[in-house]
Amino acid sequence: MTGDSEDPNADVQYHLEVSGADMADTVLLPGNPERLEKIVAHWDDHEIRAHHREYRTATGTYEDTPISVTSTGIGSPSAAIAVEELARVGCETFIRVGSCGAIQADMDVGDLVISTGAVRQEGTSDEYVREDYPASADYEVVSALVAAAERLGYDYHTGITMSADSFYAGQGRPGYDEFEAAGADDLIDELVEANVKNIEMEASAIFTLANIYGLRAGAVCSVYANRQTGEFRTEGESRAAETATLATHLLARMDAIKREAGADRWHPGLSLE
């Protein structure tokens with residue numbers, strides 16, 4: 001007998017407190033619960049469906065496309081819980097909508113970064129699969145995010161993201177009392193040399209779990225800081241939210257085109273026009 005203990009297979013999910021009836025197929029995943037209001041401001045309508053711990057969920061429509069949002073809190077452990085429970089209730093596509101630090105000098109605060117893959121410098125995905133398994137974004141989601149950014153006229157970059165478990169030591173910042181983690185002095189330089197674009201804390205776990213489960217995932221983050229230039233401003237959050245929202249609509253259109261063409265995957269030969 002389990003009594004009142006958690007049941008991860010219950011219809012209403014233990015952490016998120018949602019069921020399949022609460023969710024659209026595509027879910028935007030901000031970290032900050034307060035970012036939910038900035039996301040749904042771009043929608044035609046919405047309704048709050050649940051709020052438990054760091055997980056706040058709303059569902060609505062944009063241009064007649066159903067869309068949901070669930071905040072994940074900070075870091076990959078809580079983001080993985082969100083993906084697990086959303087997958088259990090039938091969600092199929094996940095788009096992280098976040099903020100990040102850029103590490104290439106030509107990236108401006110307020111720009112968007114659309115991740116094509118991620119360096120797995122977080123421990124959550126290691127508990128699912130071997131460490132050399134790639135954390136790759138789904139190319140349909142990447143294509144929809146790029147198309148959305150282009151249509152909206154927002155400056156964006158595509159490339160590899162690094163996901164860390166620590167905001168301070170794990171990202172080469174000093175900790176309390178100027179503590180420095182081993183390798184901190186070289187971390188940013190090594191990532192820059194490898195053409196990594198940005199650092200955040202959730203994308204690689206979201207990508208890894210989505211790939212393992214045969215689901216789609218992507219990420220669009222606004223640049224709040226540039227580690228090369230020293231700039232820092234909380235700018236571009238609304239642009240990331242609007243881009244992800246439009247991308248959800250474009251993905252629905254892509255899926256409809258695939259069905260009409262009898263194709264398994266969307267490709268450039270299938271026009272979005």
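The structure under discussion appears in the preceding block.
This is a predicted model, so every value here is computed, not measured.

Moving on, we get to the overall build of the protein chain. Helix and strand counts for the protein chain stand at 6 helices and 10 strands. Its C-alpha atoms give the protein chain a radius of gyration of 18 Å, within 12% of the compact-globule value 19 Å for 273 residues. When its C-alpha atoms are laid out on the principal axes, the protein chain stretches across 55 × 50 × 35 Å. For the protein chain, buried positions account for 53% of its 273 residues. Pairs at least 24 apart in sequence give 74% of the contacts found in the protein chain among residues at least 6 apart. Carbon and sulfur atoms provide 46% of the accessible area of the protein chain, an area that totals close to 12500 Å². One finds the centroid of the 20 positive side-chain charges in the protein chain at a distance of 4 Å from the centroid of its 49 negative side-chain charges.

It is worth spelling out unusual backbone geometry at this point. The backbone of E63 shows a phi angle near 50 degrees, a positive value even though the residue is not glycine. Summarising the element assignment, E63 is placed in the loop between β3 (55-62) and β4 (65-70). We classify E63 as partly exposed; its relative accessible area is 45%. Residues other than glycine seldom take positive phi values, yet D64 does so here, at roughly 65 degrees. With respect to the secondary-structure elements, D64 resides in the loop between β3 and β4. A relative accessible area of 75% means that D64 is categorised as exposed.

This part covers the nonpolar core. Residues L28, V69, L86, F94, I95, F207 and V220 are the most contacted members of the largest nonpolar core, which totals 59 residues. For this core, the element with the most residues is helix α6 (residues 237-261), which contributes 9 residues. In contact with V220, other than residues within four places in its own chain, are I95, R96, V97, G98, L112, V113, I114, L145, A240, T243 and A244. The next biggest cluster of nonpolar side chains, apart from the first, holds 8 residues, and it includes L187, I188, L191 and I199.

What follows covers the pattern of salt bridges. Opposite charge on two side chains lets them pair, provided their charged atoms get close. Applying the stated rule across the entire model yields 18 salt bridges. Between R96 and E200 there is a salt bridge, and its shortest N-O distance comes to 2.6 Å. Within this pair, whereas R96 is found in strand β5 (residues 93-102), its partner E200 is found in strand β9 (residues 196-200), the two being separated by 104 residues in sequence. Looking at R96, the relative accessible area reads 4%, which means it is buried. Across the salt bridge formed by R130 and D132, the nearest N and O atoms sit 2.6 Å from each other. Connected via shared salt-bridge partners are D138, E140, R216, D255, K258 and R265.

The alternating pattern of strand β1 (residues 26-29) places T26 and L28 on one face and V27 and L29 on the opposite face, and all of these are buried. Bridging between β1 and β5 involves 4 bridges; their strand directions are parallel. Bridge pairing links T26 to T93 in β5. Taken together, the 2 bridges between β1 and β4 define a ladder with parallel strand orientation. Residue pairing across strands places V27 opposite S68, the latter belonging to β4.

Moving on to the side chain of E85. Tracing the backbone shows E85 in helix α2 (residues 76-88). One polar contact links the side chain of E85 to the main-chain amide nitrogen of L16, over a distance of 3.0 Å. In this structure, E85 is in contact with Q13, Y14, H15 and L16, ignoring residues within four places of it in sequence.

Criteria and cut-off values
- Every chain is numbered on its own, with residues counted from 1 as its sequence reads.
- Only residues with pLDDT of at least 70 are given local features in this predicted model, and only at 80 or more are side-chain atom pairs given and counted; all residues enter the totals for whole chains, interfaces and linings.
- Values reported for side chains reflect all heavy atoms of the structure, with hydrogen atoms and water molecules removed beforehand.
- Strands here mean DSSP runs of E at least two residues long; helices mean DSSP runs of H or I at least four residues long; both are numbered from the N terminus.
- Both definitions apply: the radius of gyration is a C-alpha atom measure, and the globule rule equals 2.2 Å times residues to the power 0.38.
- Exposed residues in this analysis have more than 50% of their type's maximum accessible area, buried residues have under 20%, and partly exposed residues fall in between, with area computed by a 1.4 Å probe over protein chains only.
- Residue contacts follow a heavy-atom distance rule, with two residues in contact if any of their heavy atoms lie within 4.5 Å.
- The accessible surface values rely on the Shrake-Rupley method and a 1.4 Å probe; as for residues, cover is taken only from the protein chains in view.
- Positive charges are assigned to Lys and Arg, negative charges to Asp and Glu, while His and the chain termini are left out of the count.
- Charged side chains are reduced to one point each, which is NZ for Lys, CZ for Arg, CG for Asp and CD for Glu.
- Residues grouped as a nonpolar core are buried Ala, Val, Leu, Ile, Met, Phe, Trp, Tyr and Cys residues, joined through side-chain atoms within 4.5 Å.
- Salt bridges are counted wherever a side-chain nitrogen of Lys or Arg sits within 4 Å of a carboxyl oxygen of Asp or Glu.
- When DSSP finds two or more bridges between a pair of strands, those strands are recorded as paired.
- Between N or O atoms, a polar contact is any pair within 3.5 Å; within protein, one atom must be a potential hydrogen donor and the other a potential acceptor, and residues adjacent in sequence are included only when both atoms are from side chains.

Don't take any of this as a statement about function, it's just geometry.
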